[in-house]
Amino acid sequence: MTVSKVESPLGGTMTVIVLNEARTLLAGMRKNALFSPWTALTNEHTLVRGLKDLTRWARDCESNSTKLGGALEVLNPFLDIITSEEANSIITSSALGACERIIARVLDQPGLPGAREALQSVLSAASSCKYVPTETSQDELVSLGIIRLISVAVLGTAHGALLSDADIGNAILVIMRIHLKGRNSAVLRAVSLNVLEELVAHLVEHCTAPEHGPEQFSNLAPLTADLRKIILQVGQEVSPRGLGLSKVNQWGSASVVFVLYVLSSLVGTLETGSITHKVLGLRLLDTALSSRKIDSLVSRIDALRQTLLKECSRVVLGILVDRSEEATVISLAFGVSHLLMKTLGPHAGALISFLARVVFPQFLVSESYVSLEAHGNDHAAREIGLEAISTFVMQQGFLPILYASMDCNPRSTDGVRLLTEDLKLLAQKCEDGETDKKEDRLHSTLTHQRNAALWATEHLVRITENMLFLSQSATALPLNLCAECGWKVESMPNLRDRRELKGRLNHVARKFSQGGGKTGGRGLIALLREIGPTGHRLSKGNTKSSALDYTEQEIMEAVTFLKDNAGLDKAAIGVALSEPDPVSQKILCRFCRSFDLRSGSFIDCIRRFLESFRLPGEAQKIDRIMHSFATAYYDQTESLERGKLGLSLRSADAAFVLAFSVVMLNTDLHNSSVRRKMTLEDFIRNNRGINDGEDLPRSSLEEIYRSIEANQIRITGENKSLDLSLRLWDSEVSLELSPLVIPKDWREAAEDVFRLTWNATTKAAVFFLSDAHDSTGFQSALEALLTVARCGVAFRTTEPVDAVLDALCEATGLLKRPHPVDALRFGMTIKAQMATVTMFGVARECGDWVRSTGWESILGCLVRLHLLDLLPNEFKTMLGTYGDELVDSTGRPLPPSKVLPVWWPGTSQSPPSRGSWSIDPFTTTLFSFLSLAVEDSGNASAQQDRSPPHLPSESPDDEDARELGQRCISDCHVYEILVEDTRFLSIESFESLLQALTRLALRITLSELERGGTLQHTSTAKANMDDSKDYQLTLSLLLDLLGELTLRNRDRLHVVWPHCHDLIIRTLAPAREATPSLERAVVNLLRIAIRCLQRDEIRDDLLRTLNLLVKLPLPLASSVSTPLAAGVHQIVKVHSSHIHSTSGWHTILSVIEGCARFADPAPRLGFESLQFLLHAKAARHSLRAETFSVFLDAVHTFASSTLPMSMEAIDLLGQMTYRIGDVTGSRQSEGAGDQGAAESNAKEARWAEYWGPNLMAISQLCRDDRGDSRNHAIRTLEEILGHDGVTSQFDWDEKVMLFQIVLIPLAKDIYNPDGRFASRATVRRRLETQLARQVEEEESSEDKTRSLLMSLITKLYLEHYLGMFHHLDQACFDGFWRNLLRCYLDALNPESGSSMSLCTTFTEHLKAILRVSHESGILVQEREELWSATRRDVRSIIPNLSDMLSRPPVDSSRVTEPPTVPDSSAVDVDTASASPSVGVSSPEYLPVDDVRSSST
């Protein structure tokens, strides 16, 4: 001990501290016999003497105002005790404590001389501490003192920063040895671990980057088993030089690298009972990687990055693939691997790839977990593994990076796709424990697997939620992801192109593997040409090409494909490489040269080569492959120094023989069929003299033998042991996906990931739906499906939404064949209700992205709800009603339907009588079934009477269940989703809804036809009736729904109308009987026509579809007569100005004509439609030349109906007559281009098309059996022909035709003894005793008819006889005269039935026309032929014709004059309607020539 003078004293505090510590320690030593009180100074123990010298010199320094020398001199006495083998554990622990306090109080002074050397001595003494053991507790105090001393020396003083890398490494190793020493207490382990964590963290935080480049790491010893032995050498100082650490650099990066090497060595410990080593190494690795400075160090120090990647990653992954590790170790290993991934950043490609390909499936796939149980592992290990996987997967950005780096990399297997597939399998395999025999173990396994399935489902959902977050979030990811940080940024188009290329390469790989590689290199290049990666195409017929026909680029692409494509069959690779053709041999040569054979030993090189494919079985093929390998190996290693590889081969032949020998050795040692295994001596003996006559070194051959014996050469991926050796991991790193690829557009990447994962998520949720045992799990599965649907909307994809709706629809249980108790079951099943609410919620929230399959599922559930009578009231009011469009002419609702049963939704009528159902056999059968249920009900309520017959009677509990079900459906807002909100659906979704609706209707129609058509209305089985009932209910629902959709979406008629049109036609066209679906089709068609006929795009289709109503058979049309008549009435009132086509008017008028044949109120509505159409405004559009005949037919049909309407229809015929001029005028205007031709055509067609049919129709009504109608028709005809505006339009030929075709044939029927009245008189005479009063009334009516007709004929002749006589030739007029005279003669015939008074009147009429004709010069004797014929005909009536004509005329008052023709202004022509035309032939006694005129 030395002292030195100083100008100012040190201060008494420091000296006092040293003095007290020395005295205290000396007092403790005196208690030991070895250090007992002295007898002489010369006999003092050296350790005691050192302490006494220290105390004496300390006192001298205090009294002389001097200070102590260097810090090392102060600590030396204490350090001597610490390293002494004579002191026991009590004294050593006291010395350690004294050193700790002196360092903390004395050496913690800035500028203290020798502080660094003192700390280094302290660390050296702590590492070589020796003592005599006493008690266990005292021995642990020594260890605790060493730990505290090192902690204070390194961390507790400012001078700790002066320590070198070697000092830090030594300190860490000392504490490690203490921690790993056996039989330590838990307290000591905890303290040592805590100090180690502080040391490692402090080391990383204060580490500096290398100043002289990577050469300072060249002295670091490689990671070997010797380093693990050094760690365990407690009590021995480790040579810093032996550790490869510098004693000059202070807190350098080399110390960090060294610590990582040490920790990796601990983690990689393979000895039995090494769990403590692994836990310690993993804990300290976690501490080092958790430092905030580690990222910057890794980015700047390549050696540190390589250490983390090649050493730390390897040992950690080795733990994760070791199935025998405990749960604690696995948990720590997963945590370190996660930190490694974050720390390595863009360089973590190999780590991430191995995790995704090997580690994750180990814990996810059930088969792999069975292997874990076989190795003695428990469920906790898998549970921890699953939670750790969750940490990776849920890290923001992990899946997009994994997708970009693996799924879009043609050289790698898929990452995201395989991960999601494994999760899906895990979620669907809850029953894998069935093979266990013990019941308790079976229960435990099933419980764990159920929890694992739930975990998988939840994490698939969390993946979807993560992608949804990425699609909506604009914030940056927590990782520093940019090109400047080493990441490789790729655009999504490039990534998608690479994924497409990968898909094509995988397709080639499948075809190549299926072919077994038998086509060799030529076939492989041909396949690659087909997918176009080289830009070439294989020419036709080029099947025998030589190697010269292939470019070097194609050869290398084939080699790259064989090496890098993970999906290839390894056996097929071997077969293709061994083919003898030149192309295959060239590929084999390039394949062998693609391996780096310069690094590593011969056995490592051949192992890497043979593990890339499977050798074929034929010796010749093996010979080719091994010869090519030997040549490549010799060429690459020939230039290397002799002995550098440990084996010097003089020729390629020597390499070939050795390689072949290795193959034989591998087969011999590891083939179970070989009983006598090859020994080392056998192997050495077999390889004597192969090196050009010389022997290979025995050590090299022994190394080869031991390597093959310990580890069989296996194909990569077939090594079931998963022993991640250094060599295997180096091969993984050499194929590292570095730098990792990150997508430029995170949203698009998240979309691609979602497209890969949504199917697995959906299937997992569906499986869990079916397996859930409580509402909580069921709710979780529903939320999972809802998340998938929302994410699908976010990424604008439709398949997920449809899949979710399909799953939810299946979960409702409504898609099964309906059963009467399903409604009750639905109301009592909370899961079914939850699924239903979720399904309609998804449809409402994601409606724009629902497509056909999704809508089909929803509609399927809707149909089932309808059959079970669970639809809400909004739907019920839509079904079976006529809507606001179909009302009568006064706006009141129509009477109840004749077809729909009383229980039909939307109906309100009372049960009809049995007779009222006669036209509807289907409804009759249903009502008969209903009658059986309610026949004995007594005073049952009206609501019970109206319940559907196919639903069973319900108890109070059942009613409550049904009410719950109805309330649930009501809360789903079904009507708003499927009807009201469709106005806001996207055009694609809306069209998909329509397609689904029509397909569903077509499907049920076809199924009905397969059952044999419609229901057999006999006493058939109840099941058949129920099937047809379901069919009618379903089809009617779809028709009403489609009709409502059409009316609600009139702005998109071009989309909705084709589907509605198709369904209505499919319903109407094959209809053979009156059914509810028929009525609903008619009602919806009419409602659409009323609302939409003004639209040009569908007007023609609507009118053509309405024409189907004309073709309906009378019983079917009669069943829908009321809505049909009301609909047509509204159409003509609203759209008469919009119908422009002739065919359209023909359809409308034909439908109106058909209404006349139905029961009330259809005829009245149809007739009012005709009246409206003959109104002045409507007639401009409806009554035209093209529609006149149809109009006439319709009016004539109504004129033949009931009496009040018949007379009104006759008036309409009169109004039509007054409008013939307008009709013919419009036709002439159409032909105005050729005036002469138009007039000629109009003249020819005027009578044949208009006047003739119209007057003939009226004359036909003049023959009516009903007197009032008949007489009204004659008056109408008289009014028409007496109107100046009508007769003035006739020329003289047409006036003659009026008599010849209309009046004279009518008179023949009325007056002729063979006419209708004469025959009826005979019948009347037979019944006059029974029907005297009726006969009297009829006779009076017939007399009135005869009188009116005779007056009309006489009046018309007297008005026009002179003109006809002067304008017609003699022959024509004579024929006309004879026919006219015949009318009078028939009327005066006694057998005609005319009364005496009528005969007197008729005689006066005859005399009047004779007298007038004579006075006019028509009937004179000069016209001998006409005069003679007239005298002959009237001789029996007027025998003295000559005398009568020679006498003065009689008084004109005695002749009954015809009624005065009313003025045309008094005729109302604005209330006309249409009638059918009646074809009336010319009278048989009228010659054809007499009809034709010859004008003068």
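Scroll up to find the structure.
Conventions used here
Position labels on residues start from 1 in each chain and follow its written sequence. Per-residue local features of the predicted model are confined to residues with pLDDT of at least 70, and side-chain atom pairs are confined, for both listing and counting, to 80 or more; whole-chain, interface and lining totals are unaffected and use all residues. Side-chain numbers here rest on the full set of heavy atoms in the structure, without hydrogens or water. Numbering of helices and strands starts at the N terminus; helices are DSSP runs of H or I of at least 4 residues and strands are runs of E of at least 2. We call a residue buried when its accessible area falls under 20% of the maximum for its residue type, exposed when it is over 50%, and partly exposed in between, using a 1.4 Å probe and counting protein chains only. Between N-to-C directions, angles span 0 to 180 degrees; the directions come from axes that are lines fitted to C-alpha atoms, helices contributing only their stretch in contact. Angular relationships are summarised with four words: roughly parallel below 35 degrees, roughly antiparallel beyond 145, roughly perpendicular across 65 to 115, and oblique for the angles in between. The handedness criterion is simple: a crossing whose near helix is rotated anticlockwise from the far helix by less than a right angle is left-handed, and one whose near helix is rotated clockwise is right-handed. Residue contacts follow a heavy-atom distance rule, with two residues in contact if any of their heavy atoms lie within 4.5 Å. Here the term charged refers only to Asp, Glu, Lys and Arg, the term nonpolar to Ala, Val, Leu, Ile, Met, Phe, Trp, Tyr, Cys and Pro, and the term polar to all other amino acids, Gly among them. A side-chain nitrogen of Lys or Arg and a carboxyl oxygen of Asp or Glu constitute a salt bridge if their distance falls within 4 Å. What makes a nonpolar core is a set of buried Ala, Val, Leu, Ile, Met, Phe, Trp, Tyr and Cys residues whose side-chain atoms join them at distances within 4.5 Å. Working definition: rings of Phe, Tyr and Trp (its six-membered ring) pair if their centres are within 6.5 Å, and the pair is stacked with planes under 30 degrees apart, edge-to-face with planes over 60 apart, and tilted otherwise. Lysine NZ or arginine CZ positioned within 6 Å of the ring centre and within 35 degrees of the ring normal marks a charge as sitting over the ring.

Enquirer: What exactly am I supposed to notice about unusual backbone geometry here?
Expert: If a residue is not glycine, its phi is most likely negative; likewise, a peptide bond is most likely trans. Looking along the chain, the bond that leaves Asp1160 and enters Pro1161 is cis, with omega of 5°. Following the sequence through the fold, Pro1161 ends up in the loop between α51 (1142-1155) and α52 (1162-1173). One non-glycine residue, Arg796, lies in the positive phi region at around 60°. Given the relative accessible area of 59%, Arg796 is considered exposed. In the Ramachandran plot, Asp869 falls in the positive-phi region, its phi being about 60° despite a non-glycine side chain.

Enquirer: What should I look at first to understand the packing of helix α50 (residues 1121-1135) against α51 in this one?
Expert: Between two packed helices, what matters for the description is the angle formed by their axes and the separation of those axes. At a minimum axis separation of 10 Å, α50 and α51 run at an interaxial angle of 140°. Judged by the inter-axis angle, α50 sits oblique to α51. Once α50 is placed against α51, the crossing between them reads as left-handed. Side by side, α50 and α51 meet where Leu1124, Ala1125, Val1128, Ile1131 and Val1132 of the first sit next to Ile1148, Val1151, Ile1152 and Cys1155 of the second. Among the residues forming the contact of α50 with α51, the class breakdown is nine nonpolar, no polar and no charged.

Enquirer: I would appreciate a short explanation of the pattern of salt bridges in the present structure.
Expert: Between side chains of opposite charge, a pair can form when the charged atoms approach closely. One pass over the full model with this rule turns up 51 salt bridges. A salt bridge links Arg417 to Asp414; its shortest N-O distance comes to 2.6 Å. The exposure class assigned to Asp414 is buried, which follows from its relative accessible area of 9%. Note that Arg1048 and Glu1044 form a salt bridge whose closest N and O atoms lie 3.8 Å from each other. Here Arg1048 and its partner Glu1044 are both found in helix α45 (residues 1022-1048), four residues apart, which amounts to about one turn of the helix. Taking the relative accessible area as the measure of exposure, Glu1044 reaches 9% and is therefore buried.

Enquirer: Mind showing me how you'd approach the nonpolar core here?
Expert: Soluble, globular proteins show a tendency: their nonpolar side chains are buried together. With 371 residues, the main nonpolar core has Phe875 and Tyr1357 as its most contacted residues. In this structure Tyr1357 touches Phe1299, Met1364, Phe1373, Phe1376, Trp1377, Leu1380, Ile1409, Ser1413 and Ile1418, once residues within four positions along its chain are discounted. Counting 63 residues, the second largest nonpolar core, distinct from the first, contains Ile531, Leu610, Phe629 and Ala630.

Enquirer: Help me understand the packing of aromatic side chains, please; the structure alone is not making it clear to me.
Expert: Aromatic ring pairs: the centre-centre distance and the angle between the two ring planes describe each pair. If you walk through the whole model with that rule in mind, you get 28 aromatic pairs. By the ring-pair criterion, three or more aromatic residues cluster together here, those being Phe591, Phe595, Phe602, Phe609, Phe613, Phe629 and Tyr633. Just above the ring of Phe990 sits the side chain of Arg1052; from NZ or CZ to the centre is 4.4 Å. Positioned over the ring face of Trp1292 is Lys1295, at 3.9 Å from the centre of the ring.

That is the geometry; function is a separate question.
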